[in-house]
Amino acid sequence: DQQVKQNSPSLSVQEGRISILNCDYTNSMFDYFLWYKKYPAEGPTFLISISSIKDKNEDGRFTVFLNKSAKHLSLHIVPSQPGDSAVYFCAAAIDFGNEKLTFGTGTRLTIIP
Amino acid sequence: DAGVTQSPTHLIKTRGQQVTLRCSPKSGHDTVSWYQQALGQGPQFIFQYYEEEERQRGNFPDRFSGHQFPNYSSELNVNALLLGDSALYLCASSPSVTGLQETQYFGPGTRLLVL
């Protein structure tokens, strides 16, 4: 039972353009959402998060949007840079501060120079 | 600061054997969580240790057990290995004082192959 889904296994984007990564969830108890970035041979690193009381959170080139009614969130990266090439995981938690995370399957983003 | 370290980096075992994986948390962190990441999947939460006790557990059988030591380091033990236990095992540490997921740091993982 995949409670957090990332339906695009891979995405290729031209350098300088916008990258949009999508994530859907089914568990309405999820209250806090995070995006992680993972390079090969490294552990996931935290990128950005959003609470269910917000619909948008921005941090530099990264913006996360949350549509609670659709149970959908997206990560926008603009402009995309070659160093953004990595696997991106969406994760959800039942409440803020609960470190038991449910991860999606990941999207491999490739930025084309 | 070395961050979260895990050992060994790679391991090959045969079905039925037992394995122990080790994790040293980032300096200043006292909470350790373990995740299993199968090929093509996202990490799945196994359990979390705080104050040397299991605080939360995911949907994993009792074959998966753990331990936390007074210095906050942790071990993950898996008994009676199955082929399906082949995966990357990630350790994550965090400071209990903040209670924020953003302060959870992941190690590079131990890749276990069961033959």
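Residues numbered from 1 in each chain as written. Chains lettered and ligands numbered in written order. Predicted model: local features only at pLDDT ≥ 70, side-chain atom pairs only at ≥ 80, totals over all residues. Heavy atoms only, no water.

Caption draft 1: Spatial organisation of the state of the cysteines. Applying the stated criterion to the full structure yields 2 disulfides over all chains. Shown here is the disulfide that connects C23 of chain A with C90 of chain A, its sulfur atoms set 2.1 Å apart. Residues C23 of chain A and C90 of chain A are joined by a disulfide whose S-S torsion is about -70°; by sign, that bridge is left-handed. Here C23 of chain A, found in strand β3 (residues 19-25), pairs with C90 of chain A, found in strand β9 (residues 86-93); they are 67 residues apart in sequence, far enough to count as distant. Bridging C23 of chain B to C91 of chain B, the disulfide has an S-S length of 1.8 Å. Its S-S torsion of about -60° marks the bond between C23 of chain B and C91 of chain B as left-handed, since a negative value means left-handed. Placement of C23 of chain B in strand β3 (residues 19-24) and of C91 of chain B in strand β9 (residues 87-94) is noted, with a sequence separation of 68 residues between them. (Disulfide = S-S within 2.5 Å. Helix = DSSP H or I, 4+ residues; strand = E, 2+ residues; numbered from the N terminus.)

Caption draft 2: A look at the side chain of T31 of chain B. Within the fold, T31 of chain B resides in strand β4 (residues 31-37). Among the polar contacts listed, one links the side chain of T31 of chain B to the side chain of D30 of chain B, at a separation of 3.1 Å. Residues within four places of T31 of chain B in sequence aside, it is in contact with E99 of chain A together with Q48, Y49, Y50, R55, Q68, A92, S93, S94 and S96 of chain B. (Polar contact = N/O pair within 3.5 Å; in protein donor to acceptor, adjacent residues only side chain to side chain. Contact = heavy atoms within 4.5 Å.)

Caption draft 3: Structural view of the pairing of strand β7 (residues 64-68) of chain B. Residues and elements named next belong to chain B. Of the two faces of β7, only the one carrying F64, G66 and Q68 is buried; S65 and H67 on the other face are not. As paired elements, β7 and strand β8 (residues 74-78) share 5 bridges and run antiparallel to each other. Pairing of Q68 across the sheet is with S74, part of β8. The hairpin turn running from β7 into β8, its antiparallel successor, is 5 residues long, and Y72 in that turn takes a positive phi close to 80°. (Buried < 20%, exposed > 50% of the residue type's maximum accessible area, 1.4 Å probe, protein only. Pairing = 2+ DSSP bridges.)

Caption draft 4: How the structure looks around the sheet that holds strand β8 (residues 72-77) of chain A. Residue and element names in this part refer to chain A. Here 5 strands make up an open sheet; going across it, the order is β1-β3-β8-β7-β6 and the pairing antiparallel. Across the chains shown, the open sheet's two edge strands, defined by having one partner strand only, are β1 (4-5) and β6 (56-59). Bridge count for β1 against β3 is 2 bridges, and the pairing is antiparallel. Within the sheet, the bridge partner assigned to K5 lies in β3 and is D24.

Caption draft 5: Representation of the nonpolar core within the structure. F33, W35, L73, L75 and Y88 of chain A are the most contacted members of the largest nonpolar core, which totals 23 residues. Where this core is concerned, the elements lending two or more residues are β3, β4 (32-38), β5 (45-51), β7 (62-67), β8, β9 and β11 (107-112) of chain A. Setting aside chain neighbours within four positions, we find F33 of chain A in contact with Y25, I48, S49, I50, L66, L73, A91 and A92 of chain A. Residues V4, V19, W34 and V114 of chain B belong to the second largest nonpolar core, which totals 20 residues. (Core = buried A, V, L, I, M, F, W, Y, C linked by side-chain atoms within 4.5 Å.)

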